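This is what each chain is made of:
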Amino acid sequence: MSKRARRSAPTAGPARPTVSVCRGCCCGTAKIPGLDPTAHLRRLRQALDGTATVRGTGCLDACERANIIVVQPSAEGRRQGGRPVWLGLVSSADITTRIEHGGPGLADTPDVLDIYAFRTSRRVQAELHDE
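Predicted model, so just to flag it, every value in this text is computed and none were measured.

> Could you clarify how one ought to interpret the pairing of strand 3 (residues 69–72) in this entry?
Every second residue of strand 3 is oriented toward a common face, with Ile 69 and Val 71 on one face and Val 70 and Gln 72 on the other, all of them buried. Of the strand pairs in this sheet, strand 1 (residues 18–22) and strand 3 are connected by four bridges, and their pairing is antiparallel. Directly across from Val 21, in strand 3, lies its bridge partner Ile 69.

This is the structure in structure tokens:
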């Protein structure tokens, strides 16, 4: 099955938020002191199992903010006005509470995450959506 066919295949159950975890040149390496990138991704997958789709992705081109996580809203969240939220410097922030309550558009952002949020260029955002 081609990548295009896999992407367009319908998914069972309700639409869920997608959490993209950068595994690129900085985020996915030992460059971040005290962070095991493999364990970090595994913990997110375990914490959000059944709540969100968690995937590793290539470099998101905002290396000065490594570790980067992008929380994309579910279809319902997007209908409610939710947009992708880019979080940088994430190593111990608890993003799971917001996602468990529906993600962008459906749940308020916890105050602690405000310090991690940032905006990136449209080009970088488009590349994330093209994967």
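On we go from here.
> How should I be thinking about the sheet that holds strand 1 in this particular structure?
Remark on secondary structure: sheet strands pair via backbone hydrogen bonds, oriented parallel or antiparallel. Strand order in the open sheet formed by five strands is 2-1-3-4-5, and the pairing between neighbours is mixed. Pairing within the sheet leaves two strands with one partner each, and these edge strands are strand 2 (53–57) and strand 5 (117–118). Strand contacts of helix 2 (residues 37–47): strand 1, strand 2 and strand 3, with the helix running at about 160 degrees to strand 2, the strand carrying the most contacts.

> Just to check I follow, could you spell out the nonpolar core for this structure?
The tendency in soluble globular proteins is for nonpolar side chains to be buried side by side. Membership of the largest hydrophobic core comes to 16 residues, with the highest contact counts inside it found for Val 19, Val 21, Val 54, Ile 69, Leu 87, Ile 95 and Ile 99. When neighbours within four sequence positions are excluded, Val 54 is seen to be in contact with Val 19, Val 21, Leu 41, Leu 44, Arg 45 and Leu 48. Counting 13 residues, the second-largest nonpolar core is a separate cluster that includes Leu 35, Ile 68, Val 70 and Trp 86.

> It is not clear to me how the environment of Ser 74 should be interpreted in this structure. Could you clarify?
Assignment of secondary structure puts Ser 74 in the loop between strand 3 and helix 3 (75–79). Sequence separation between Ser 74 and Pro 104 is 30 residues; the distance between their C-alpha atoms is 7.8 Å. Aside from chain neighbours lying at most four places away, what touches Ser 74 is Ala 15, Arg 16, Pro 17, Gly 102 and Leu 106.

> Looking at this structure, how should I read the pairing of strand 1?
Remember that side chains alternate between the two faces of the sheet whenever the strand is regular. For strand 1, a buried count of four out of five residues is recorded, marking the element as mostly surrounded by other parts of the structure. Summarising the sheet, strand 1 and strand 2 pair through five bridges and their orientation is parallel. Residue Thr 18 lies in a different strand from strand 2, and its bridge partner there is Thr 53. Traced from strand 1 through helix 2 to strand 2, the parallel crossover comes out right-handed.

How each quantity is defined
- Residues numbered from 1 in each chain as written.
- Predicted model: local features only at pLDDT ≥ 70, side-chain atom pairs only at ≥ 80, totals over all residues.
- Heavy atoms only, no water.
- Buried < 20%, exposed > 50% of the residue type's maximum accessible area, 1.4 Å probe, protein only.
- Helix = DSSP H or I, 4+ residues; strand = E, 2+ residues; numbered from the N terminus.
- Pairing = 2+ DSSP bridges.
- Contact = heavy atoms within 4.5 Å.
- Axes fitted to C-alpha atoms, helices over the stretch in contact; angles between N-to-C directions.
- Core = buried A, V, L, I, M, F, W, Y, C linked by side-chain atoms within 4.5 Å.
- Right-handed = clockwise from strand over helix to strand, strands pointing away.

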